[in-house]
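Structural description and commentary
Chain by chain, the residues:
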Amino acid sequence: MNKKAASVLMMVFEVLVVVFVVFMVISTAKSYAESDTVIKINAANDFVMMIDVLIATPGDAVVEYPYNLSKFIILIDSGGILIEKPGDSEMKRVIRSFHLPESYSAFGGVREIENVCLEKTKKDIILRECDTEEFV
């Protein structure tokens, strides 16, 4: 076999290896991004930011979380938020803390509900199921 043909075959083999490695990296990253742990972490961080915005908002307000959370249990109190799947171990729970101004309180919980809302009423932040007619 001449050197030119061997060089072309080696280059084709190298390109195939690179394409395979890139495919494996992308598929691994995609599966990690779609995992429940990542969804729980992102949702907990989103809820903390939503609480901060509600506190800064004058008057009463209702905010619907724009993602389906029907696989999770979500609990909130004045110190933090907990998100878990039914049957999760303590290691898989996601807990985020937040700080409320004096005289504010946060409470509520939902279990496997698709549409979840945060409602600010006076100085209370309430986690609850959204009413379907509420945002029409």
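Up top you'll find the structure we're talking about.
Treat the numbers as computed from the prediction; the structure is a model and nothing was measured.

Re the side chain of Lys40
Mapped onto the fold, Lys40 is located in helix α2 (residues 36–56). Once you skip the residues sitting within four places of it in the chain, Lys40 turns out to touch Phe72, Ile83, Glu84, Lys85, Asp88, Lys92 and Val94.

As for the pairing of strand β2 (residues 73–77)
Judged from the five bridges that link them, β2 and strand β3 (residues 80–84) form a sheet pairing that is antiparallel. Bridge assignment links Ile76 to a residue of β3, and that residue is Ile81. Hairpin connection, β2 to β3: the antiparallel pair is bridged by two residues. Two strands pair when backbone bridges link them, and β2 and strand β5 (residues 105–111) are joined in this way by four bridges, in the antiparallel orientation. Residue pairing for β5: Ile74 is matched across the bridge by Val110.

A word on the state of the cysteines
Where two cysteines share a covalent bond between their sulfur atoms, that bond is called a disulfide. Inspection of the entire model under this criterion finds one disulfide. The disulfide that involves Cys117 links it to Cys130, with 1.6 Å between the sulfurs. One quick way to see it: the torsion about the S-S bond of Cys117 and Cys130 is about 110°, and its sign makes the bridge right-handed. Highlighted residues: Cys117 in strand β6 (residues 116–121) and Cys130 in the segment after β7 (124–129), separated in sequence by 13 residues. No difference in accessibility class separates Cys117 from Cys130, as the two residues are buried.

Thresholds applied
Residues numbered from 1 in each chain as written. Predicted model: local features only at pLDDT ≥ 70, side-chain atom pairs only at ≥ 80, totals over all residues. Heavy atoms only, no water. Helix = DSSP H or I, 4+ residues; strand = E, 2+ residues; numbered from the N terminus. Contact = heavy atoms within 4.5 Å. Pairing = 2+ DSSP bridges. Disulfide = S-S within 2.5 Å. Buried < 20%, exposed > 50% of the residue type's maximum accessible area, 1.4 Å probe, protein only.

These results come straight from atomic positions and should not be treated as a statement about function.
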